[in-house]
Amino acid sequence: MDRVPVTVLTGYLGAGKTTLLNRILTEQHGKKYAVVVNEFGEIGIDNDLIVESDEEVFEMNNGCICCTVRGDLIRILGSLMRRKGKFDAILVETTGLADPAPVAQTFIADDEIGAATKLDAVVTVVDARHVEQRLDEGSKEAQEQIAFADVIVLNKTDLVSDADLARIERRLRGINTAAEIHRCSRGAVPLDRLLDRGAFDLDRILELDPRFLGDRDSAAADHVHDEHCGHLHDHDHDHDHDHDHGHDHGGHDHVHAGRHDDDIASVSLKSAEPLDADVFNVWIGKLLQEKGAQILRSKGILSFKDQTEQFVFQGVHMMIEGDYRKPWPKDEPRISRLVFIGRDLDEAALAAGFEACRAQ
Amino acid sequence: MLSEEALLAGAQTPKLAAGRQRDIPLGSAPVAFALDGGNRFLAALDDGRLRCGTIAAPDELQDVASHDGLALVVIALPGGGFLSGGEDGRAILVAPDGAVTDLVPPGRHWIGAAAASPDGKFIAIAAGKRLLLFDRGGKALGEAPPAPSTITGLVFNPKGKRIAASHYGGVTLRWAGGLAGSPLVLPWKGSHLGVTWSPDGRFVVSATQERELHGWRLEDMQDLKMTGYGAKVRALSWTADGRWLACSGGAAATLWDFAGKGPWGRPPHQFGETDGTLVAGVAAHPRLPVIAAAFEDGRVTMGRSDNEGEAPVAELGQAPAGLAWSADGATLLCPTEDGTLSLFDLRELGTVPPPGAAASRRPR
């Protein structure tokens, strides 16, 4: 059975979530949605199947301190899935104060939800006119919603100047270097940029974005990132190829985008030299055990020594999943790339840790 | 009818004779199902309808009421009749004659849990965090202070004087006669999804998000942890003698022994395992030491609580949506997700194969 895609819409109160939601519902002709809202707001929602949620955030009792889930969402999705064939996809709107992590982790931590549905993408609607003020005030929620996004809808751009817009976009990139950013007003983004992103699908990291993360030259271009969730240390290391390519590319390189006035930022790391899979595993495992609460999301494409295939991984807090995917192209350099989006990240320590993963 | 001799005859279970299975179309997929002491059943369907019928004439179905959305909980009432709670926030009382009363009018919060006291005196309903108490006639008796989070399960103790409510962080026990009084909280980390009370009154057992059962022995508040499930435990059933708790969620029907001190150090009895397909429903026979189990692939089988054997009932080929014995133990009912209700006439007894023999049957 195909898993039903779920799109999560987050954003501050007044950013334009409900307007965007209604656009999706009215313009996606022939597609039926189930909509989960946090509360019936002033703007009506034009849909047959609407369920109101309570945003009950629960800790899982599994020893993972940052493994929080939305208990209400488990119940609601469970009940929705009993209406077979009544809808094609699910939209979940969160409150302006919601932390997106428990929403995303619900799809990872609950096997039954994970078997019946798949998180397609976290879409964050940002009000161009007010976002700087929110961030300047140190709003934890505003930062987290931007940091968690796969797609950022930078809305109400008609109300700010181009110079403001460029500055705002740089700041959003500083927090989240990996998200696609779409400028618009009144939520007028082509829906194919919001829906069916497969943002948590490991395969689509490779398929959609050859340049991938943290490439400063393409900072203005839209990035697309794809992930899939699993559990900690869910790596598959059964491969045992015996190729030995000599890589003479320069050492490591890291880029920290944007300014430092937000607590949450992205750290991008690159390496042209192959990595030692065992050393990397130990490092990433320990890192996420210790700093998993700080690291909201992580993703990477890695070149391991003696492997012909690209190793792709992505994570939400402590939960990561990774696997070997398609072979490295023969005519391209194998650049390992890694990004962490998190709070108060020690960039130098991350860079040093990554550097130590180089195969000897 | 089953005789006392048969009951004592050791390794025997009810037997399905040829031609003793009836399949009734329900009209749509069932989402909840219950059977009362008067051999009446109520099936809540995925179109919101509540349909009633009887074992004697199962194909004469009567639409008694309808939820706006799905029913989330359906229970049989000890004096006959049913209670249904739904996503529309409505709790509907269905009398044995099919007459309908709104116990709770439609509202914002889902009615996700309900219980009746064994003596039939009280009905408890959970609407979100609210716990509401009614008498058997549907008169409101009171409301408890709100639970810390949404109530996911309710059960009365065997004497019908206390109510246990499961929620995030544990189970809360309150007195029916003093709802507002200070409760006894049974704490345990994580989300608790349902609760049952042992027939001897000594144990409260909850099913958790982490696919475990958690128990509390009330006399000394000892914690008990029962693990090994492939899915969340949704069905719990106590055997007629009160000794065994049968559970769904595993690759075998699992029976924990609550005699004496409880299940500590005693591996559970298990039956019915084949290829790893999980148990979706369990129902203990009302008098014999026999448990029926329905697997996700539609296989229905029975096992004895003493592990002295098991007997296949049917291969329905559809995921079950419930499982229940008639009060006289003569009929087993299993609604399936394709919208069929299968009724098995099991009043005859048969000898069953020795333990383990069934596992070699039909490798797949």
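Computed from a predicted model, the values in this text were never measured in an experiment. (Residues numbered from 1 in each chain as written. Chains lettered and ligands numbered in written order. Predicted model: local features only at pLDDT ≥ 70, side-chain atom pairs only at ≥ 80, totals over all residues. Heavy atoms only, no water.)

Another aspect to go through is the sheet that holds strand 27 (residues 299-304) of chain B. All names here are of chain B. Across the sheet, four strands lie side by side as 25-26-27-28; this open sheet has antiparallel pairing. Edge positions in the open sheet fall to strand 25 (279-284) and strand 28 (310-315), since each of these has one partner strand only. Sheet twist, expressed as the average angle between the axes of neighbouring strands with direction ignored, equals 20°. Sheet topology places strand 26 (residues 290-295) next to strand 27; five bridges connect them, and they run antiparallel. By the bridge assignment, Ala293 is partnered in strand 27 with Thr301. (Pairing = 2+ DSSP bridges. Helix = DSSP H or I, 4+ residues; strand = E, 2+ residues; numbered from the N terminus. Axes fitted to C-alpha atoms, helices over the stretch in contact; angles between N-to-C directions.)

Our focus in this paragraph is the confidence of the model for chain B. Residue and element names in this part refer to chain B. For chain B, the mean per-residue pLDDT works out to 92, and 93% of the residues sit at or above 70. Between residues 1-9, whose pLDDT stays under 50, and residues either more than four places distant or in other chains, the model counts 14 contacts. Scoring the predicted complex yields pTM 0.86 and, for the interface, ipTM 0.89. (pLDDT = per-residue confidence, 0-100. Contact = heavy atoms within 4.5 Å.)

Turning next to the packing of helix 9 (residues 277-291) of chain A against helix 10 (residues 347-355) of chain A. All names here are of chain A. At a minimum axis distance of 9 Å, the contact between helix 9 and helix 10 shows a crossing angle of 155°. Regarding the angle of helix 9 to helix 10, the classification is roughly antiparallel. Across from Phe280, Trp283 and Leu287 in helix 9, the residues of helix 10 making contact are Leu350, Gly353 and Phe354. Its residues placed into classes, the contact of helix 9 with helix 10 shows five nonpolar, one polar and no charged. (Parallel < 35°, antiparallel > 145°, perpendicular 65-115°, else oblique. Nonpolar A, V, L, I, M, F, W, Y, C, P; charged D, E, K, R; others polar.)

What follows covers the pattern of salt bridges. One pass over the full model with this rule turns up 46 salt bridges over all chains. Among the salt bridges present, the one from Asp158 of chain A reaches Arg186 of chain A, with a minimum N-O distance of 3.6 Å. Here Arg186 of chain A lies in the loop between strand 9 (180-183) and helix 8 (202-208) and Asp158 of chain A lies in the loop between strand 8 (151-155) and helix 7 (162-175), a separation of 28 residues in the sequence. Taking the relative accessible area as the measure of exposure, Asp158 of chain A reaches 44% and is therefore partly exposed. Given the relative accessible area of 60%, Arg186 of chain A is considered exposed. Here Asp102 of chain B and Arg90 of chain B are joined by a salt bridge, their closest N and O atoms 2.7 Å apart. With Asp102 of chain B in strand 10 (residues 100-104) and Arg90 of chain B in the loop between strand 8 (82-86) and strand 9 (91-94), this pair connects stretches of sequence that are twelve residues apart. Of the residues examined, Asp102 of chain B reaches a relative accessible area of 35% and is grouped as partly exposed. One salt-bridge network, held together by shared partners, links Asp200, Arg202, Arg217, Glu219 and Asp220 of chain B. (Salt bridge = Lys/Arg side-chain N within 4 Å of Asp/Glu carboxyl O. Buried < 20%, exposed > 50% of the residue type's maximum accessible area, 1.4 Å probe, protein only.)

Here the structure, examined in full by the defined rule, presents 14 aromatic pairs over all chains. Ring geometry for Phe280 of chain A versus Phe313 of chain A: centroids 5.9 Å apart, planes at 65°, classification edge-to-face. Placement of Phe280 of chain A in helix 9 and of Phe313 of chain A in strand 13 (residues 309-316) is noted, with a sequence separation of 33 residues between them. Each member of the pair, Phe280 of chain A as well as Phe313 of chain A, carries the same accessibility label: buried. Seen in terms of ring centroids, Phe311 of chain A and Tyr324 of chain A are 5.0 Å apart; in terms of plane orientation they differ by 75°. Their pairing is edge-to-face. On the criterion of sequence distance, the pair formed by Phe311 of chain A in strand 13 and Tyr324 of chain A in strand 14 (residues 319-327) is long-range, its members being 13 residues apart. Each residue in the set Phe280, Trp283, Phe304, Phe311, Phe313, Tyr324, Phe340 and Phe354 of chain A is aromatic and connected to the rest through ring pairs, giving one cluster. In this structure, Arg162 of chain B packs its charged tip against the face of Trp175 of chain B, placed 4.3 Å from the ring centre. A cation over a ring is seen here: Arg299 of chain B above Phe295 of chain B, with NZ or CZ 4.0 Å from the ring centre. (Phe/Tyr/Trp six-rings, centres within 6.5 Å; stacked < 30°, edge-to-face > 60°. Lys NZ or Arg CZ within 6 Å of the ring centre and 35° of its normal.)

Taken together, the side chains of Lys121, Arg136, Lys159 and Lys161 of chain B make up a positively charged region of the molecular surface. With a relative accessible area of 48%, Lys161 of chain B lands in the partly exposed category. (Patch = residues over 30% accessible without salt bridge, like charges linked within 9 Å, V, L, I, M, F, W, Y side chains within 5 Å. Areas by Shrake-Rupley, 256 points an atom, 1.4 Å probe, with all protein chains shown as cover. Lys, Arg positive; Asp, Glu negative; His and termini not counted. Charge placed at Lys NZ, Arg CZ, Asp CG, Glu CD.)

Right, let's get into the sheet that holds strand 10 of chain B. All names here are of chain B. In spatial order, the strands read 7-8-9-10; together these four strands make up an open sheet with antiparallel pairing. Looking at strand neighbours, the two that pair on one side only are strand 7 (71-76) and strand 10, the edges of this open sheet. Mean inter-strand twist for the sheet, computed between neighbouring axes without regard to direction, equals 20°. When strand 9 meets strand 10, the two strands line up antiparallel, connected through four bridges. Residue pairing for strand 10: Ile92 is matched across the bridge by Asp102.

This next bit is on the interface of chain B and chain A. Contacts between the two partners involve 26 residues from chain B, matched on the other side by 22 residues from chain A. For the pairing of chain B and chain A, the buried interface totals around 2000 Å² over both sides, and the portion due to carbon and sulfur atoms is 41%. Our count for the contact surface shared by chain B and chain A stands at seven salt bridges. Of the charged contacts in the structure, one is a salt bridge between Arg108 of chain B and Glu52 of chain A, with a shortest N-O distance of 3.0 Å. (Buried area = accessible area lost by both parts, 1.4 Å probe.)

For the rest of this paragraph, the subject is the nonpolar core. All names here are of chain A. Leu80, Phe87, Ile90, Ile146, Ile152, Leu154 and Leu172 are the most contacted members of the largest nonpolar core, which totals 62 residues. For this core, the leading source of residues is helix 3 (residues 100-109), giving six residues. Beyond its immediate sequence surroundings of up to four residues, Leu80 is in contact with Ala34, Val36, Leu49, Val51, Phe87 and Ile90. (Core = buried A, V, L, I, M, F, W, Y, C linked by side-chain atoms within 4.5 Å.)

All names here are of chain B. A positive phi is found at Asn39, a non-glycine position, where the angle reads about 60°. On the secondary structure map, Asn39 appears in the loop between strand 3 (30-35) and strand 4 (40-45). Notably, Met221 is not glycine yet its phi reads approximately 55°, a positive angle. Among the structural elements, Met221 can be located in the loop between strand 19 (213-217) and strand 20 (222-226). Residue Met221 is classed as partly exposed on the basis of its relative accessible area, which comes to 33%.

So, on to the environment of Ile24 of chain A. Residues and elements named next belong to chain A. Of note, Ile24 is situated in helix 1 (residues 17-27). Residue Ile24 is classed as buried on the basis of its relative accessible area of 1%. Sequence spacing of Ile24 and Pro274 is 250 residues, and the spatial spacing of their C-alpha atoms is 44 Å.

Low pLDDT means the predicted coordinates in that region are not meant to be read closely. For chain A, mean pLDDT is 82; residues scoring 70 or higher make up 83% of the total. Below pLDDT 50 for its whole length, residues 213-258 of chain A participates in 147 contacts with residues either more than four positions away or in separate chains.

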